[in-house]
Amino acid sequence: MRKDLDDLLEPELLNNEEDIFSSDLALTNQALPQTLYILPLAERPFFPAQTLPVLMAEDPWLDTVKKIGETPAQVGGLLLVRPNEEEGAKADDFYPIGSVVRLHHPMRSDGKIQFIAEGLQRFQVVEWLSMTPPYLARVEYPEDKRPASGQTKAYAMAIINTLKELVPLNPLYSEELRYFLDRFGPNEPSPLTDFAAALTTAEKEELQDILDTVDIRRRMQKVLILIKKELDVAKLQAQIRQSVERKISDHQRKFFLREQLKVIQQELGISKDDRQADIDKFSERLSTLKIPVKARKVIDDELDKLRILDSSSPEYAVTRNYLDWITTIPWGVYSKDKFNLKEAHAILDEDHDGLADVKERIIEFLAVGSLKGEVSGSIILLVGPPGVGKTSIGRSIARTLGRKFYRFSLGGMRDEAEIKGHRRTYIGAMPGKMVQALKDVGTANPIIMLDEIDKVGSSYRGDPASAMLEMLDPEQNAEFLDHYLDVRLDLSKVLFICTANTLDTIPGPLLDRMEIIRLAGYITDEKVQIAKHHLWPRQLENAGLKKNQLKISDAALSYVIEGYAREAGVRNLEKKLGRMVRKAVVEFVTKPKTKRQKSISIKDVQNYLGQPFFKQEKPPAGIGIVNGLAWTSMGGATLTLEASQIHSNNRGFKLTGNLGDVMKESAEIAYSFIASHLKEFKCSSDHFDKAFIHVHVPEGATPKDGPSAGVTMATALLSLARNQKVPRLLAMTGELTLTGQVLAVGGIREKVIAARRIRIMEVILPEANRKDFDELPAHIRTGMTVHFAKQYKDVAAVVFG
């Protein structure tokens, strides 16, 4: 609450108030006191030419204001302090030069003191008489007493001209200038200079420097620089303001013109408003579609809602987006399938070399569709290592059938809304991938490829794999429900093709709905044909070369495959070929155009790719060393198992090689079986009683697991017990039981191809896998010697005779 003056000051000051304001005479230097009570300012200094309200904290400066009121002249000193706050200012914090001011209308309000300060004269502190509030100091009044010269008048004119330029840019300047002219004349250089400095927004240190400068000429030089800066800033602000106002006015003018144009066009019947245009657009789309009755009722209800909603309301935008999506779905629009099996054969052979069994399965699938008249309700799963052509097989099927093709990857997907859409209650809701796919392809029976289905994740947002159960079930997807559209969609005509590297991570209920087609890796001959017909021409095209400019022999291709790209697929092979092409292009650029031809030989391959990563070496052989066959998500592989007797001091068994739990159990079963049947295999029955055996599987950085190494480990232990190495180059696979039975294992095709890849042409397989081997293509079986074993004694008989 504001208090009266008599609550703040002594009665004497209150009685003298009328005299203070009735006197127009300024105090001269002789009339100014030699001691002054000091008040602090934190933001900027106070100049003698100013008259401004001052606000400061009541504590501790109330006593100082009272003391000033008690003085005969009723004047005090205002000094700038170095800290950014007045509270707690000490005598050392004050700058030495400030302004003598007369206090008018002091008032208290909410812990603050407010008064009007009228600047009178500069003063300088000579000595502090009080070091605590209220501060009292002995002062002197410095003044430049030199008469005005022509140079001083020139500076004054320069300052006045600059102020004239400032006034139109900021109306506040004109008010302050008018007040200044009421008190001083333009021919008074010192007040003019101080007034000009007070107008600027300079830092407080710069302004204090002006106040410290007593010499009028130097002070005018400094002030002129400050107000020139202020003028530049004001001009820049004015330019920015004018630019913004110009843009705003331009936008407003265009807006009004557009609105007038709309009204004129509507009056003439040339155009319609936005709402009617949207309704007409949606109605036109609906006229060409065969929409189910229930879905049509929902659409009509939404159209009726759109007619009554204000086009500027948020609900209008939501309804319009919904209608935009639901009317772009190809209801009842189907492409015609092609069932020409001869043409299908030609397309598959053109797009892919090898994969004879896969092509046969696809032809069978198309033949059934041809007889039935449609291909519907089918979900195909292509399983195989990376780079064997799973995605390209899907494109070939679409090309064969003449259907539209849409692919999206499921790898890392964690939100079921990606499949079934968001509910419309959410901001930014969108339909799921299936609706987006149908919109993009424009037909209701496309081929949709779900890539990397084995890499679907799950999180707190839901489980996408579970959401796909409805989508991939032929019995349910005729009435697939997207959460955003909230109407039933018929996906029964869609052909789904999924791809995966392994089946282990695919949920059982989802896997049960799919027809599995396995794509194993390629052998060298197949890779050579793929490289000649597909990979090499593609790399030449990417590099801008013609076929006759850069050639590569079959021998060089085989060398690249055997030495640098032995993996199951052909992706790494394509990278190596691309690198060779780029190296050749670098050579071509430095040659004349007439000599830009080359045929790559084996020697050139080494120059381009360096030394081969894989050497043509025979697998290791020796006592306790046996070659096994393994399956991985990257294709088949060979494993060399090593068994060694460390010492004969005590019985023991040790396993190394980063083995999984199942593989460790297989090793223990093999050890127990061989140790209990040593006599049967013509070994010393107490051979393992005091032998410490160590079994190691090389490449310890690679995790290994699975039961298929059982017979391989047993053979390594038997070789050690008989002190006899495996007499010839062969490999084996099979699960072993404690009773010596050899059980079936998976990945036979991949394992046989892995053996052929390193030129092992004799293998031992479980008898239960005979059918799997018989189903292999003839070019993989040709030249292979295969032994089938029911019991481990069959394995021992093949290996050791």
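Source: prediction; values computed, not measured.

Remarks on helix H10 (residues 293–308)
Helix length check: H10 (16 residues) gives 23 Å between terminal C-alpha atoms against 22 Å at 1.5 Å per residue, within 8%. On its buried side, H10 packs onto helix H9 (274–286) and helix H11 (314–326).

Comments concerning helix H20 (residues 554–564)
Buried within H20 are the following residues: Ala556, Leu557, Val560, Ile561, Glu562, Gly563 and Tyr564. Where H20 is buried, its residues contact helix H19 (524–543), strand S14 (550–552), helix H21 (571–589), strand S15 (598–600), helix H22 (602–609) and helix H25 (748–757).

Some points on unusual backbone geometry
At the junction of Asp59 and Pro60, the peptide bond is cis and its omega measures out at 15 degrees in the coordinates. Residues Pro133 and Pro134 are joined by a peptide bond in cis, for which omega reads -5 degrees. Inspection of the secondary structure assignment puts Pro134 in the loop between strand S5 (112–128) and strand S6 (135–140). Look at Glu452: it is not a glycine, yet its phi comes out positive at around 55 degrees.

Some thoughts on the packing of aromatic side chains
Within this structure, the stated rule accounts for 14 aromatic pairs. One aromatic cluster is present, built from ring pairs that chain together Trp61, Phe94, Trp128 and Tyr135. The residue whose ring lies beneath Arg82 is Tyr95, and the NZ or CZ to ring-centre distance is 4.4 Å. Cation over ring: Arg424 sits above Tyr322, and NZ or CZ is 3.8 Å from the ring centre.

With respect to the sheet that holds strand S17 (residues 635–647)
Taken in spatial order, the 7 strands of this open sheet run S18-S19-S17-S16-S20-S23-S24, and their pairing is mixed. Strands with a single pairing partner mark the edges of an open sheet, and in this sheet they are strand S18 (652–656) and strand S24 (785–789). Relative to strand S19 (residues 692–696), S17 runs antiparallel, the two being bridged by 5 bridges. Among the inter-strand pairings, His647 is bridged to a residue of S19, identified as Phe692. Those strands touched by helix H24 (residues 710–722) are strand S16 (625–632), S17, S18, S19 and strand S20 (731–732), and its axis lies near 30 degrees from that of S17. Running over the sheet, H25 touches S16, S17 and strand S23 (762–766) and is turned about 75 degrees from S17.

Re a negative patch on the surface
Taken together, Asp59, Asp63, Glu85 and Glu87 make up a surface patch of like negative charges. Inspection of the secondary structure assignment puts Asp59 in helix H3 (residues 58–70).

A look at the pairing of S23
One face of the sheet, then the other: side chains in a regular strand alternate in exactly this way. When you tally the buried positions in S23, you get 5 out of 5 residues, the bulk of the element. Side-chain alternation along S23 places Glu762, Ile764 and Pro766 on one buried face and Val763 and Leu765 on a second face that is also buried. For S20 and S23, the ladder comprises 2 bridges, and the chain directions are parallel. Paired with Ala731 across the bridge in S23 is Val763. Where S23 meets S24, 5 bridges bridge the pair, whose relative direction is parallel. Across the sheet, residue Pro766 finds its bridge partner in S24, namely Ala789.

Notes on the sheet that holds strand S8 (residues 405–409)
The strand order across the open sheet formed by 5 strands is S8-S9-S12-S7-S13, and the pairing between neighbours is parallel. Only two strands of the sheet have a single partner each, and these edge strands are S8 and strand S13 (515–518). Taking the axes of each pair of neighbouring strands and ignoring which way they run, one obtains an average angle of 20 degrees across the sheet. For strand S7 (residues 379–383) and S13, the ladder comprises 4 bridges, and the chain directions are parallel. Bridging from a neighbouring strand, Ile380 pairs with Glu515 of S13. Here helix H13 (residues 356–372) sits on the sheet and contacts S7, strand S12 (495–500) and S13; the angle it forms with S13, its principal contact strand, is near 150 degrees.

Here is what the cut-offs are and how they apply
- Residues numbered from 1 in each chain as written.
- Predicted model: local features only at pLDDT ≥ 70, side-chain atom pairs only at ≥ 80, totals over all residues.
- Heavy atoms only, no water.
- Helix = DSSP H or I, 4+ residues; strand = E, 2+ residues; numbered from the N terminus.
- Expected span 1.5 Å × (residues − 1).
- Contact = heavy atoms within 4.5 Å.
- Buried < 20%, exposed > 50% of the residue type's maximum accessible area, 1.4 Å probe, protein only.
- Phe/Tyr/Trp six-rings, centres within 6.5 Å; stacked < 30°, edge-to-face > 60°.
- Lys NZ or Arg CZ within 6 Å of the ring centre and 35° of its normal.
- Pairing = 2+ DSSP bridges.
- Axes fitted to C-alpha atoms, helices over the stretch in contact; angles between N-to-C directions.
- Patch = residues over 30% accessible without salt bridge, like charges linked within 9 Å, V, L, I, M, F, W, Y side chains within 5 Å.
- Areas by Shrake-Rupley, 256 points an atom, 1.4 Å probe, with all protein chains shown as cover.
- Salt bridge = Lys/Arg side-chain N within 4 Å of Asp/Glu carboxyl O.
- Lys, Arg positive; Asp, Glu negative; His and termini not counted.
- Charge placed at Lys NZ, Arg CZ, Asp CG, Glu CD.

Distances and angles like these do not, on their own, reveal function.
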